Structure formats: structure tokens, C-alpha cells
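Here are the chains, one letter per residue:
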Amino acid sequence: LESVQAVALAPTRELAIQVAEGLAQIGGGRGLRVESIYGGDSMERQIESLRAGAHFVAGTPGRVLDHLRRKTLKLDQVKVLVLDEADRMLDMGFAVEMGQIMEYMPTPRQTLLFSATVPLGIRGLIYHYLTEPEWVLLSEDQVYVKEVVHLYCLTPRLHKEAVLYKLIEYENPASSMIFCNTKEEVRQVYTFLAGKGLPAAMLSSDLAQRKREQVMGRFREGEVRHLVTTDVASRGIDIEDLSHVFIFS
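Description of the sheet that holds strand β4 (residues 80–84)
Point 1. Sheet architecture is open: five strands sit in the order β2-β3-β1-β4-β5, paired in parallel fashion. Of all the strands in the sheet, the pair left with one neighbour each is β2 (34–37) and β5 (110–114). The mean angle between the axes of side-by-side strands here comes to 15 degrees, regardless of whether they run parallel or antiparallel.
Point 2. By the bridge criterion, four bridges tie β2 to strand β3 (residues 56–59) in an arrangement that is parallel. Each bridged residue has a counterpart across the sheet, and for Ile-37 the counterpart in β3 is Gly-59.

Section: helix α6 (residues 120–129)
Point 1. Among all positions in α6, only Ile-122, Leu-125 and Ile-126 are buried. Buried positions in α6, seen along its axis, are confined to an arc of 100 degrees and lie on one side of it. In α6, the exposed positions angled more than 90 degrees off the buried face are occupied by Leu-120, Tyr-127 and His-128.
Point 2. Where α6 is buried, its residues touch β4, α4 (86–91), α5 (95–102) and β5.

Some thoughts on the pairing of strand β9 (residues 244–247)
Point 1. By the alternation rule, side chains of β9 split into His-244 and Phe-246, which are all buried, and Val-245 and Ile-247, of which none is buried.
Point 2. In this structure, strand β6 (residues 176–179) lies alongside β9, joined through four bridges in parallel fashion. The partner of Met-177 across the bridge, within β9, is Val-245.

Overview of a nonpolar patch on the surface
Point 1. Together, Val-118, Tyr-127, Trp-135 and Leu-137 line one region of the surface with nonpolar side chains, adding up to about 380 Å² of accessible area.
Point 2. Examined against the element boundaries, Trp-135 turns out to sit in the loop between α6 and α7 (160–171).
Point 3. Residue Trp-135 is classed as partly exposed on the basis of its relative accessible area of 34%.

Reading guide: rules and limits
- In this convention, every chain numbers its residues from 1, walking through the sequence in written order.
- Only residues with pLDDT of at least 70 get local features here, since the model is predicted, and only at 80 or more are side-chain atom pairs given and counted; chain-wide, interface and lining totals rely on the full set of residues.
- Only heavy atoms go into the side-chain values, all of them from the structure, while hydrogens and water stay out.
- Whether two strands pair comes down to DSSP finding at least two bridges between them.
- Only DSSP runs of H or I covering at least 4 residues are called helices, and only runs of E covering at least 2 are called strands; the numbering of each starts at the N terminus.
- To define axes, lines are fitted to C-alpha atoms, for helices over the stretch in contact only, and angles between the resulting N-to-C directions are given on a 0 to 180 degree scale.
- Relative accessibility thresholds used throughout: buried, under 20% of the residue-type maximum; exposed, over 50%; partly exposed, between the two (1.4 Å probe, protein chains only).
- Relevant arc is that of directions from the helix axis to the C-beta atoms, nothing else.
- Should any heavy atoms of two residues lie within 4.5 Å, those residues are counted as being in contact.
- Distance thresholds for patches are 9 Å for like charges and 5 Å for nonpolar side chains (Val, Leu, Ile, Met, Phe, Trp, Tyr), applied to residues having over 30% relative accessible area and no salt bridge.
- Only the protein chains shown count as cover for residues, and all accessible areas are computed by the Shrake-Rupley method using a 1.4 Å probe.
- Here, a salt bridge means any side-chain nitrogen of Lys or Arg that lies within 4 Å of a carboxyl oxygen of Asp or Glu.

In C-alpha cells form, the structure reads like this:
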């Protein structure tokens, strides 16, 4: 079949790309054609790819809705809808767009929601869009991060970057992610660490999409050992051999 059979919606571009790449690896030998749709990428390129035919679309809600309104994407044959990191999508204000996208799909379909946490907002979404849903709870009775060592360090605000550098120098992590609250803080921390000669890079929503993809690629390959980022990379991103996570703020 040439029509779109399944759709996965994700809160960030990086996660949409990762989902598409994973599906392409799984289904490539069976002729499954996967297209990723997200903001910051060429609309013309995406339109041409969709015209060529796609069985599975992985994308961010805003850009998927753009294509639906332009009639460059049709979801009338969709059998499966996946909402990945559904709680994050609610946090980021995608609830209205998710509802609008569902109106373009047939009602007889399978809808799957994946979420690390199930706050009240998610429960409302579940019972609004799903009929007699089945719950699958993983790691409910065990703390799956029990092998992780949790440490915190109290330090004066003006010394935070210096203390972070000393911790990295002492721990010498194979790779680390450093989370900051704002894009400006990301720039400040990255500038400090890079100025000390560390192989670091920064990732935030104001970087061009191609640059974001390059940064993630260099981090996965180990060329960059320390990634300073906002929460665009906080959920669902698969990084092997990540030894340290620093919550800077």
C-alpha cells in the first residue's frame, strides 16, 4: 500500500528523527518507507518525499499539522497512531495540535501512548482519545535507576561553572550531558568549558536544524564528549555509554 499506514508524534525534532531512523532500520528489509517531518527542515524536501510515498510518518505536531492543512499529507488510511513522550508534549503545549491531527484520521485505529510519567493531564488525554485502554506499566515495582549514583553539590552561584569543570576533571567521564534551564545558560556553560579545552558542544532550540543534527551526530560518535543542552535532549534520546548527567540548574 502506498498510503500512510502509521504516524508517530514526538515533542522534539531530535526524537522524531531518532524514531524515523529506528523504524527505517527495522523495516528497511521489508520495503517500509519512513519519512520524518519536523520544523526547521525544508518543507519542499518533505513534500517531495511524501509524494514519493511513505508508509510511516514520524514528526513533530506543528509540522505534521502544516502538511495536513496544505493537503500534502493524508492520514485517512492510518491504522496506528503513536504519541511518544506524551507527557512532554502536554508540557510543551501540543495538546490542541494533537487533537486537531487526530481529526484527520479514521476513528477505527489503534492509538498508543508512551510516557515516562502519567500526570493528571495525561490521564485526561488517555480517556478522551482512547476507548477502554489497556495499561502496560514497566518497572512499576522496582527502581530501574538503582545502579545510578546520585550526588549533589552546593556551591555559590558565581562558582558553579568552575565547580562543574572541577567535577568533570575529577570524574573524567567517558561522555556526559549537562542540562541547563535556558539557552543563554547553555551558551555560558559551553563557553566556559570549551575555554578550558574540553571537547564540548552545545544544543538548544535556537540552533539551526542542520547544526543540531551535526552536534548530535558528533556526540554519538564520541567526537564531542560533553553536551551542554536545554531540555530538547532530556527525554527519549538514545545515547550509548553515557556515564554522567549533570543537572546544572
